[in-house]
Amino acid sequence: MIRMDYTHELKRDLLCIDVKSFFASVESVKRHIHPLESYIVVMSNPDLDGGLVLASSPRVKKEYGIKTGSRRFEIPKNSKIQIVEPRMKLYIKVNMMINEIFREFVSDEDIHIYSIDESFLDVTHSHALYGNTYEIAKKIQQTIWKRLRLVTAIGIGDRNFQTIFPFFHSCSPF
């Protein structure tokens, strides 16, 4: 077995920022509902039994077990779940607003976009302006909440794998 030696790799201060249930959260905010309290499912082809869930709010996941990849026929009839069609243009617009918030804390070259709702930020050079890594993470999290009402989870580490690792173990952010 080959063992990787990372001892000579430069250590960085990295954040992995994930917007919880991004599409469903954006739809919740647009309806003036807290993203963690809503019962929203974003679904393609909702008129068909085979309609595909693209995102579900945390409450829907917890109470109904409906998650990305679930089908329309799996959603209980007469439930509290509100099914909405995706609005990709809106999600891209909100993603751009989130990226603008990131740019308040780091330079463009320190933002590494992984997906529409997840990015890695290298905050190594931001400490003099914004504090330690934990303080920067909290400030970014609070700024996103204050401006956009979106809930984020943030992993902290000195390598990309370490920042994303907590998400695979369902750890609470911070």
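Placed above this text is the structure.
If you're wondering where the values come from, they're calculated on a predicted model, not measured in any experiment.

Participant: Tell me what's going on with the sheet that holds strand β2 (residues 40-44), and back it up with residues and numbers.
Facilitator: What the three strands build is an open sheet, ordered β3-β2-β4; its pairing is mixed. Looking at strand neighbours, the two that pair on one side only are β3 (52-56) and β4 (82-84), the edges of this open sheet. Ignoring which end each strand starts from, the neighbouring axes of this sheet average 35° apart. Of the strands in this sheet, β2, β3 and β4 touch helix α1 (residues 22-30), which is tilted by about 120° from β2.

Participant: Can you break down the packing of aromatic side chains residue by residue, with the values?
Facilitator: Aromatic ring pairs: the centre-centre distance and the angle between the two ring planes describe each pair. Inspection of the entire model under this criterion finds six aromatic pairs. Summarising the aromatic geometry, the rings of Phe 22 and Phe 23 are spaced 5.9 Å apart at their centres and angled 55° between planes, so their arrangement reads as tilted. As far as the burial class goes, Phe 22 and Phe 23 line up, both buried. Relative to Tyr 130, the ring of Phe 105 has its centre 4.9 Å away and its plane inclined at 50°; by these criteria the two rings are tilted. Of the two residues, Phe 105 sits in helix α3 (residues 88-105) while Tyr 130 sits in helix α4 (residues 127-130), which places them 25 residues apart along the sequence. Look at Phe 105 and you get buried, because its relative accessible area is 8%. Overall, Tyr 130 belongs to the partly exposed group, its relative accessible area being 22%. Put simply, the rings of Phe 22, Phe 23 and Tyr 91 pair up and form one aromatic cluster.

Participant: Can you break down the pattern of salt bridges residue by residue, with the values?
Facilitator: The final tally for this structure, using the stated rule, is eight salt bridges. Arg 59 is the salt-bridge partner of Glu 37, the closest N and O atoms lying 2.7 Å from each other. Placement of the pair is Glu 37 in the loop between α1 and β2 and Arg 59 in helix α2 (residues 58-64), with a sequence separation of 22 residues. Owing to a relative accessible area of 27%, Arg 59 belongs among the partly exposed residues under this scheme. A salt bridge links Arg 103 to Glu 100; the nearest nitrogen and oxygen atoms lie 3.2 Å apart. Highlighted residues: Arg 103 and Glu 100, both in helix α3, separated by three residues, approximately one helical turn.

Participant: I'd love a proper account of the sheet that holds strand β6 (residues 118-122), names of residues and values included.
Facilitator: Here we have four strands laid out as an open sheet, ordered β5-β6-β1-β7, and antiparallel in their pairing. Sheet topology places β5 (111-115) and β7 (152-157) at the edges, where each strand pairs with a single neighbour. Across this sheet, the average inter-strand angle for adjacent strands is 20°, counted without regard to direction. Inspection of the sheet shows strand β1 (residues 14-19) paired to β6 by five bridges, in the antiparallel sense. The partner of Leu 15 across the bridge, within β6, is Leu 121. Contacts from α3 reach β1, β5 and β6, with the element oriented near 155° to β5.

Each value, and the rule that gives it
Residues numbered from 1 in each chain as written. Predicted model: local features only at pLDDT ≥ 70, side-chain atom pairs only at ≥ 80, totals over all residues. Heavy atoms only, no water. Pairing = 2+ DSSP bridges. Helix = DSSP H or I, 4+ residues; strand = E, 2+ residues; numbered from the N terminus. Axes fitted to C-alpha atoms, helices over the stretch in contact; angles between N-to-C directions. Contact = heavy atoms within 4.5 Å. Phe/Tyr/Trp six-rings, centres within 6.5 Å; stacked < 30°, edge-to-face > 60°. Buried < 20%, exposed > 50% of the residue type's maximum accessible area, 1.4 Å probe, protein only. Salt bridge = Lys/Arg side-chain N within 4 Å of Asp/Glu carboxyl O.

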